[in-house]
Each structure stands twice: as structure tokens, then as C-alpha cells.
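Understanding the architecture of this molecule
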Amino acid sequence: MATTNTDTTTTRTVIEPLLTFDPTLHFHTSIKSIATSSQSFIYLGTSSGSLLLLSINPDTPNDKNPSTKDPKSTLDDPNSTLDFDVPFRNVSFIKSVTVGDSAVETVLLLDEIGKVIVLSDGFLFLTDSGLVQPVKKLGFLKGVSFITKRVKSSESECSDLSGFSSLEGSSASSRILSRLGGGVRGNGVKDFVQKGEGDYVFAVVAGKKLMLIELRVVPNDKEVDLLVLKEMQCIDGVKTIVWINDSIIVGTVIGYSLFSCITGQSGVIFTLPDVSSLPFLKLLWKEKKVLLLVDNVGIIADEHGQPVGGSLVFRKGPDSVGELASYVIVVRDGKLELYHKKSGDRVQTVSFGSEGSGPCIVADEESGNGKLVAVATPTKVIFYRRVPTEEQIKDLLRKKNFKEAVSLVEELKSDGEISNEMLSFVHAQIGFLLLFDLHFEEAVNHFLQSETMQPSEIFPFIMRDPNRWSLLVPRNRYWGLHPPPAPLEDVVDDGLMAIQRAIFLKKAGVDTTVHEDFVLNPPTRADLLELAIKNMSRYLEVSREKELTLSVREGVDTLLMYLYRALNRIDDMERLASSGNSCIVEELETLLDESGHLRTLAFLYASKGMSSKALTIWRILAKNYSSGLWKDPALEHELPDGNTNVISGREVAATEASKILEELCDQDLVLQHLGWIADVNPVLTVQVLTSEKRVDQLSPDEVIASIDPKKVEILQRYLQWLIEDQDSCDTQFHTLYALSLAKSAIESFEVESTSQEPDEGRLEETEISDPGGNSIFQSPVRDRLQIFLQSSDLFDPEEVLDLIEGSELWLEKAILYRKLGQETLVLQILALKLEDSEAAEQYCAEIGRPDAYMQLLDMYLDPQNGKEPMFNAAVRLLHNHGESLDPLQVLETLSPNMPLQLASDTILRMFRARLHHHRQGQVRFFT
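The rules we used
Residues numbered from 1 in each chain as written. Predicted model: local features only at pLDDT ≥ 70, side-chain atom pairs only at ≥ 80, totals over all residues. Heavy atoms only, no water. Helix = DSSP H or I, 4+ residues; strand = E, 2+ residues; numbered from the N terminus. Buried < 20%, exposed > 50% of the residue type's maximum accessible area, 1.4 Å probe, protein only. Contact = heavy atoms within 4.5 Å. Areas by Shrake-Rupley, 256 points an atom, 1.4 Å probe, with all protein chains shown as cover. Pairing = 2+ DSSP bridges. Axes fitted to C-alpha atoms, helices over the stretch in contact; angles between N-to-C directions. Phe/Tyr/Trp six-rings, centres within 6.5 Å; stacked < 30°, edge-to-face > 60°. pLDDT = per-residue confidence, 0-100. Expected span 1.5 Å × (residues − 1). Arc of directions from axis to C-beta. Salt bridge = Lys/Arg side-chain N within 4 Å of Asp/Glu carboxyl O. Parallel < 35°, antiparallel > 145°, perpendicular 65-115°, else oblique. Left-handed = near helix turned anticlockwise from the far one by under 90°. Nonpolar A, V, L, I, M, F, W, Y, C, P; charged D, E, K, R; others polar. Patch = residues over 30% accessible without salt bridge, like charges linked within 9 Å, V, L, I, M, F, W, Y side chains within 5 Å. Lys, Arg positive; Asp, Glu negative; His and termini not counted. Charge placed at Lys NZ, Arg CZ, Asp CG, Glu CD.

What follows deals with the overall build of the protein chain. What the protein chain contains, in helices and strands, is 32 helices and 33 strands. Counting all 927 residues of the protein chain, 49% fall into the buried class. Of the contacts formed within the protein chain by residues at least 6 apart in sequence, a portion of 60% connects residues at least 24 apart. As displayed, the protein chain offers around 45,000 Å² of accessible surface, 49% of which is attributable to carbon and sulfur atoms.

Below you can see the structure in the form of C-alpha cells.
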């Protein structure tokens, strides 16, 4: 079983002295027993055999009572007592009765049925709770040493004892031991009303017998019946007893044992050491558990005697043990100590008398959550009031014991004594106290744990009043424990002054509340401000994720930008400005402009739809950027050689501007900024012009007119997009695209012609001239021209022919002549200029007439213009398409200079094929 270390002493003020009652002033007797009812009635048993009844109100102490002072004043003189004239205080003496000549040893309250049982000189006495009826002696019970009542944790866990009265063959009449007459009547002081019909069971130890007795009030309230439900053999030397559910636990000098009230069987829980203090049992009402005392160790056990949780280690073996909410109270040697049940910590010590003043008894309210505790010495009774939880927390906060305050609040929350709202309230209060103590990180940690704190509560720490959000700040001073909100600069300055005063006072030997680390190593103003701003930023960053009103969101984002700028956190500024935000531009544009954070301002303008202003800034940045390179992590990557690719500042500006322009429908604004972006990166220009993000597309005529004539690729790519992606059928665009491609092809051909053998340096330059990926087209211009001329029927071929007529673009000319139906010119270009026999033969097949092949053969055999005959091409033609030619025409066409052996096989095959076709025709004729 684990034992909780209780050497730790906290500084809580859980209880405070309420008043002191001295019965010797009136009755000349000492106190032997005490009991407290849930209605704040106090029963005192005296050594002279009297029973006193007092009434006390712990909630309304008079002005002279210490509880009306500041909570800290109760700690100034915890030994003080108040002797007073009873009627003039908030304690009322109600009545006293004489029980007998011997001391009243035990007072057992049966609140449920309005009865009180008193143990004196081995006999039990019965009276009503108002001490109105005469005291009746239960003479049939003798030699009683202990009495206890049954406590139920729940009805389901308790057996019904009503059937025991008819067990073991006994008649009901033999079981009724006593019938007492007389009902309960009021005496004019206070009306004590019995709860009506009901019954109550309790256990008594008489010698070696353990008897279970039922006290039953008859319906007419004139008589009370006592029935012995069960008798069991008990062990000798019982010193303490508790009855919970079906278990009766007794303690002797030997140890603790458990009896079943149902079966009567018993068993040993554990034995005590040979040298040990007397056993003691305390029922913990709140948890319905039992505290078993072994010397100075309290073991918390369940109804079966099994330990649950840790143990409590007291400084000394106590005279008596009580309970107050989450605490166990022990008294000894004139001191009262409170221990927390779960943690085992000793949370408070109060002195009420000198050591050696005699045994003490502590009485508590049976609810376990009461407000009153009474401690009786032989000569006086000291009443203690539980300090309201709010006052306990305030007291800890005034002492700057923040961890203990949080621990207390969490315990109260766990016990259900405070709400989530109160827990959040305390976290916020602690946060403000820490903030003014310059512990900014811890302060924000508490702010973040508060579910009810509003982000607007920290606005005054960032921007001086009055400002746009002054009316949003809750006028909640909490408990008035911290100064009113002030800008962080003032908070830091005041804190530094307090540190300097603390250093001076420390040298003079005076303790202060300033943190020791600050005194030994005073921080600088700059460090404190940086830490404050950093943590305030952290709080606002988390607050952005909460559900806030629009005005509060605007304040959060705008002030967060203020804080970022104060620390020059450029990446965070730009991230906030470029994302969805609620910043107020009017509050930030002058600030950002004067501090030179133009990129952030441009992002902010763009996020607010102020595109013109954003584009203007990007244009200025692109124009005036320094000659160095700006490293953009978002676009950074490693090149194959291991170097890091960086993007120039101009290109970054153009990229950001293009993102705006891609969605912009304002045509004039788009075309206005098209030029400078094209100078930086043509690819970005094309992305802007061909963007599908904008709702309304730009006017093609206006766009084409605005493109710089020198930016040919941009024009071509835009026209290509119009024709291929937008399915434009405008002949003007098709013709313009064809002419532009043709002109570029001519220029490209001329450049290639003048550089047939490029040197190694020029080749390297050609390969890496565009590391930034700014090239618009990946394929050669002639390929694009040829594909377009073949695929489009909407351009003017004659206009294009006029442009390339004098060039060497023969394939392009062939395509154009083909569109114009100039078959001979097409065949001449394919066969003679390009010497592409396959293309020429394919074109003849497209024509579909035999004379086309003869025309091609004639071109091969008589190319003219001084060109040698192309016998191999002619043989190829005869071999592939000889069946379609007339052999006689072929023979007539063959050149005398053509070697016969080249064509003999082909000509022979032509004749055989011709004869075969002739015979087939005859067969079809005769059939």
C-alpha cells in the first residue's frame, strides 16, 4: 500500500476562527463529548452529566468576528479566542438538560427522526433533538461501552434488516424491549418537528455482545419502540466502532476486525504492532469510506476494509479526527491540522491552545461538505468557519502562490464545487497577475486555458486607448488584484521599477514579492519587450482559431500584424497578409509603408481586393529591387549539381502580380501591367492572358493590340490558346497566327544557316540560357508552323505564301500549294526540292489519278534546270505503283540514258500484270 508523503505544507487558508464558547462561565463543568448536526446545532456533553444545545450561524458572523475582516487577518493571531456574552453573538444557547451524574461520553444524533441518544455511565438515554421532552433512560441496556449508527452509501448496497425481528424463533413481543411514551413538542424557542413515521438502526457494544437495535417511532408520535434485531458475539476490548452498509468495523488494541451485520461472521482486517497507540475509526461522510488510524498513519478503506488510494501521514497520532469537504482534520496538543485527502498534503495548521491542555475532540457536520467545525477542549469550544472558496483562491493569489491556487481550483472543479466558468475565470485572473509580474510566457499559458477569456481583453496591452476597439474591451477587473490594462511598454517599465526597488530593499534586508530570479539577474527592457510581444502573438495566433465576432476578429488580426512588425517577423507578416484575414487596412497601410514592409502591404491589399494598389507595389518592387538575389523558400529547390536555385526579386514580384492578374476581370488594369511582367517572365504573361480563373475573359483584339510586337512568343502562345483551347474560328486569328509562325520560322532558318557549326561555348549557352523555365514553347517553331498549316483551314494560304515565297521553307510551301490545289507545284517540291519520294508517292495516292504517277515519273526522269535524272526514285515509283501505269507510256517516257538493267525486272512485272488484267476482263466478258 502506497503511503503519501505529507511533509509538504501548503499555504491555504481553508478555515478561519469564528468564535470561542466557554461553558465553564455558566455551568462550571468541562466538555467530554460534542456532536454537530447538519442544521448547525451543537450538542455538548459535559463531565457533570449535562447536555447543552447551541445554535450557530457560520454565514453571518457579526462585525467583531474575525471572519468579517480581510482573509489574511485570520492568520495574524490564530490563537486568539473571543470570550463573550452568549446572547449577543451569532451563537445562541437554546437549552440544557441533565442526563445523570456521570459524564456524557457520546452523543448520537438521529436527525432523520429527530432523536438524540446519549451514552453515559454505561447506559443509553433518549431525548428529542430540541431537548424538549424529558430524558428517558433505556434501562434494559447495561454496560454499554460504544454506540454507532448505520450509514448507507446507497440503498442498493445495503441489506434490509426488517426481517431480523422474527428470526431465531423469537416472538415479536419478546423483541420489544422498551416502549417510551411522549411526543415531541415545541418550547417556544425553536420548533423541532419530527419527520413522521420511520425507523432507525444503530449498534451498541455491551461487554462481549454486539447488538443491532431498531428505534421505531409509532404513527401517533406518542411512543417509541426499540427492537433488538440481532445479537452477535463480539470481541473483547472494543475501543472504536463504525457501521457502514452491511459491515461493522471495530478496533481493539490488537487490531481492526470486520463483522457482517447479516451473517454475524467476523474477520481480521489487520493487526496492530505490539507497541502502538489506541485504534481510531473515522467515517468519511463525503466518500462513504472509513479512515483507520495506525499511530500517525491514516489508512482510507472501503466498507470491506480494503485500502483505497494512498494513506495520510500525520505529524503525530491525533486525539480526534474530523472531516471537512476534501480535507481530513486532526487535533492534538492544541493544534488543528488540515490534510488533503487525495494529495496527502498538509494545507493548514491552526493553534487553539497550549500543548498539554488535555485531550481534544473535533466535531464536523455529517454531510461531509459542511461549513462548520467545532473543536472542544476540556474547558472551551472553538468554532471554525470554512472560508468561502472564492476567498481561499484570492488569498493564494495575493500571496502569489499561483500553482497552489490552480491546484485548489482544479480540486474544487473535480469535487463539483465550482463550474467550468469559474475555473476559466481563475486562469484568466492568474494570467493577468503573471503578466504584470513580467512572467509573460506563463501568463499566456493561463490565458489559453481560460475558455471564457475574450481576446479583446488584451487589446489595451497592444494599442493605447482610445482606439477602434476600445469599446470591445470588457470592463471586468476580475477581483481587483491587478492594475488596469496598460500598453506592454508601460507594463515592462513599471515592472523594471519594481525590480529596482526590490533590489534596494533586499540590500536593506527587506523581503519583497518580486521573483528572486529578477532580483539576482535583472532582465533588460529589450528582452522583456521581445518576450512580451512574442507571447502576446502566440495568444492571438491561437485566438484566430476560435469563433469570434467580426469586430473582434478584425482586432485580433490587425494587432497581430502590429506585433509581428514590432519583432520584424517578415515571414509571419506576409503569411498573415496573404492568407484569409480580417486586418483593417486603414490601421496598417501607413505603418507598413513607413517601415518599408511593402511586400506585406502588397499582400494585404491583394487579400482585401485592392488589386490596383497591390499591383502598383509589385511593379515598384520589380523596378527598384536590389541587384542581389532574393531567396524564396517557397520556390527553392536543388539543382542537379547540388546548388540551390534562387529566384530573383524581380521575378518574385512578377509572380505575385501575375497571381492577382490571373483572377482579375478589369481589362484595362490587366493590360496596364502586362508589359513589365512580360519583361520579367513571358511565361507569367501567358498565364495571365490565358487564365481560366477569371469570370469574364479579356477581349482578344484588345489583348493582341497591347502585346509588344517584340514579344512574338507571347503573341503566338495567346493565339494558339484562342484557336486550340477556345476553339476560335476567326479567320483573322488563324491567319495572324500562321503569318507570325511563318515569320519566326524564316528568322529561325536564317539563324541556323549562319551558324552551321556552333562552338562549344555557344552550344552550352543555348542549353542553359533559360534556367528559370521562362521559355514558352518547347517544340521548334517550324514544327509548330507545319502542324498548324496542315490542321487549320481557316487561314489565308495565299497571304502566307506571299510571306515565305522567297524563303527555303519548301515543306511549308508544299502544304500551302496543296491547300490551293497546285498539284504540280506540290509534286515538284516534294520530289525535286525535298527529294522525299515517299511523300510524293503518298500525295499521288491522295490525288487518285493514274496520270499523277506518270507526271511524277516524268519529273524523276526529266527534272530539268540542269538536275540529273533521279533513276532510283523512278525505279522505286515503278516498283511500288507500276500496276497503275500504262506500260507503253512508261516505255515512251523512259530516258534513253536509263540503264535497262535497273528497270527490266520492274517493266517485265508491269507487262505480266497488264496481261493478267486483260485475261481477267475477258473471263468476265464471256461469263
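The next subject is the sheet that holds strand β26 (residues 346-351). Spatial strand order, β23-β24-β25-β26: four strands in an open sheet with antiparallel pairing. Either end of the sheet is taken by a strand with one partner, and the two such strands are β23 (320-324) and β26. The sheet shows a mean angle of 20 degrees between the axes of neighbouring strands, taken without regard to direction. Where strand β24 (residues 327-332) lies against strand β25 (residues 335-340), six bridges are found, and the strand directions are antiparallel. Its bridge partner being in β25, Arg-332 is matched across the sheet by Lys-335.

A word on the packing of aromatic side chains. One pass over the full model with this rule turns up 14 aromatic pairs. With centroids separated by 4.9 Å and ring planes inclined at 65 degrees, the aromatic side chains of Phe-425 and Trp-479 adopt a geometry described as edge-to-face. Residue Phe-425 is located in helix α5 (residues 420-436), and its partner Trp-479 is located in the loop between α7 (459-462) and α8 (488-507); the two are separated by 54 residues in the primary sequence. When its relative accessible area of 17% is taken as the criterion, Phe-425 is described as buried. Their ring planes at 50 degrees and their centres at 5.3 Å tell us that Phe-432 and Tyr-478 sit as a pair that is tilted. Separated by 46 residues along the polypeptide, Phe-432 in helix α5 and Tyr-478 in the loop between α7 and α8 bring together distant segments of the chain. For the pair Phe-432 and Tyr-478, one class covers both residues: buried.

The predicted model of the protein chain has a mean per-residue pLDDT of 84, with 82% of residues at 70 or higher. Across residues 760-773, confidence stays below pLDDT 50; counting only partners more than four residues off in sequence or on other chains, it has three contacts.

Read from one edge to the other, the open sheet built from four strands follows the order β1-β29-β28-β27, with strand pairing classed as antiparallel. Among the strands making up the open sheet, the edge pair consists of β1 (15-21) and β27 (361-364). The average angle at which neighbouring strand axes cross in this sheet is 25 degrees, direction not considered. Sheet topology note: the strand β28 (residues 372-376)/strand β29 (residues 381-386) ladder contains five bridges and is antiparallel.

Between its first and last C-alpha atoms α8 spans 29 Å; for 20 residues at 1.5 Å apiece the expected length is 28 Å, and the two agree. For α8, the full list of buried residues reads Leu-488, Val-491, Val-492, Gly-495, Leu-496, Ile-499, Ala-502 and Ile-503. Along α8, the residues classed as buried sweep out an arc of 130 degrees about the axis, all on the same side. Elements in contact with the buried residues of α8: α5, α6 (440-449), α7, α9 (516-520) and α10 (525-543). Trailing α8 by a residue or two, Gly-509 shows a phi angle of about 85 degrees, which is positive.

Before going further, it helps to examine the pattern of salt bridges. When the charged atoms of two side chains with opposite charge come close together, those side chains can pair. If you walk through the whole model with that rule in mind, you get 42 salt bridges. For Lys-394, the salt bridge is made with Glu-391, and the minimal N-O distance between the two is 3.7 Å. Remark: Glu-391 and Lys-394 occur in helix α3 (residues 389-398); sequence separation between them is three residues, near one turn of the helix. For Lys-394, a relative accessible area of 13% puts it in the buried group. What emerges from the salt-bridge pattern is a single network uniting Lys-286, Lys-342, Arg-386, Asp-415 and Glu-417.

Turning next to the packing of helix α16 (residues 649-663) against helix α19 (residues 682-689). Where α16 meets α19, the closest approach of the two axes is 9 Å, and the angle between their N-to-C directions is 10 degrees. If you check the angle between α16 and α19, you find them roughly parallel. Across from Glu-651, Ala-654, Thr-655, Ser-658, Leu-661 and Glu-662 in α16, the residues of α19 making contact are Leu-684, Gln-687 and Val-688.

Two elements in contact, helix α22 (residues 731-753) and helix α25 (residues 797-804), have axes separated by 10 Å at closest approach and are oriented at 15 degrees. As summarised for this structure, α22 and α25 are arranged roughly parallel, according to the angle between their axes. By crossing handedness, the relation of α22 to α25 is classed as right-handed. Contact residues: Thr-735, Ala-738, Leu-739, Ala-742, Lys-743 and Ile-746 in α22; Glu-799, Val-800, Leu-803 and Ile-804 in α25. Across the contact of α22 with α25, the residue classes tally to seven nonpolar, one polar and two charged.

Within strand β7 (residues 115-120), six of the six residues are buried, leaving the element largely enclosed by the surrounding structure. By the alternation rule, side chains of β7 split into Lys-115, Ile-117 and Leu-119 and Val-116, Val-118 and Ser-120, which are all buried. The sheet contact formed by strand β6 (residues 104-110) and β7 spans six bridges and is antiparallel. Across the sheet, residue Val-104 finds its bridge partner in β7, namely Ser-120. The antiparallel hairpin formed by β6 and β7 contains four residues in its connecting segment, where Gly-114 sits at a positive phi of about 70 degrees.

This part takes up α3. Looking only at α3, the buried set comprises Gln-392, Ile-393, Lys-394, Asp-395, Leu-396 and Leu-397. Turning to α3, the residues buried within the fold contact β24, β29, α4 (402-414) and α5. The first or second residue beyond α3 is Lys-400, which carries a positive phi of 60 degrees.

Attention shifts here to a negative patch on the surface. Taken together, the side chains of Asp-666, Asp-668, Asp-701, Glu-702 and Asp-730 make up a negatively charged region of the molecular surface. On the secondary structure map, Glu-702 appears in helix α20 (residues 700-706).

Further remarks concern the environment of Lys-208. Along the polypeptide, Lys-208 turns up in the loop between β12 (198-206) and β13 (209-217). Taking the relative accessible area as the measure of exposure, Lys-208 reaches 46% and is therefore partly exposed. Distance in space between the C-alpha atoms of Lys-208 and Gly-237 is 8.4 Å, their sequence separation being 29 residues. Apart from the residues lying within four places of it in its own chain, the contact partners of Lys-208 are Met-232, Gln-233, Cys-234 and Asp-236.

Of all five residues that make up β28, five are buried, and the element is covered over most of its length. Residue alternation in β28 divides its side chains into two sets, Leu-372, Ala-374 and Ala-376 and Val-373 and Val-375, and both sets are buried. Hairpin connection between β28 and β29: a loop of four residues separates the two successive antiparallel strands.

Moving on to unusual backbone geometry. In this structure, the amide linkage connecting Asp-465 to the following residue, Pro-466, adopts the cis form with an omega of -5 degrees. In this structure, Pro-466 sits in the loop between α7 and α8. Phi at Asp-333 is positive, roughly 55 degrees, even though this residue is not glycine. Secondary-structure assignment places Asp-333 in the loop between β24 and β25.

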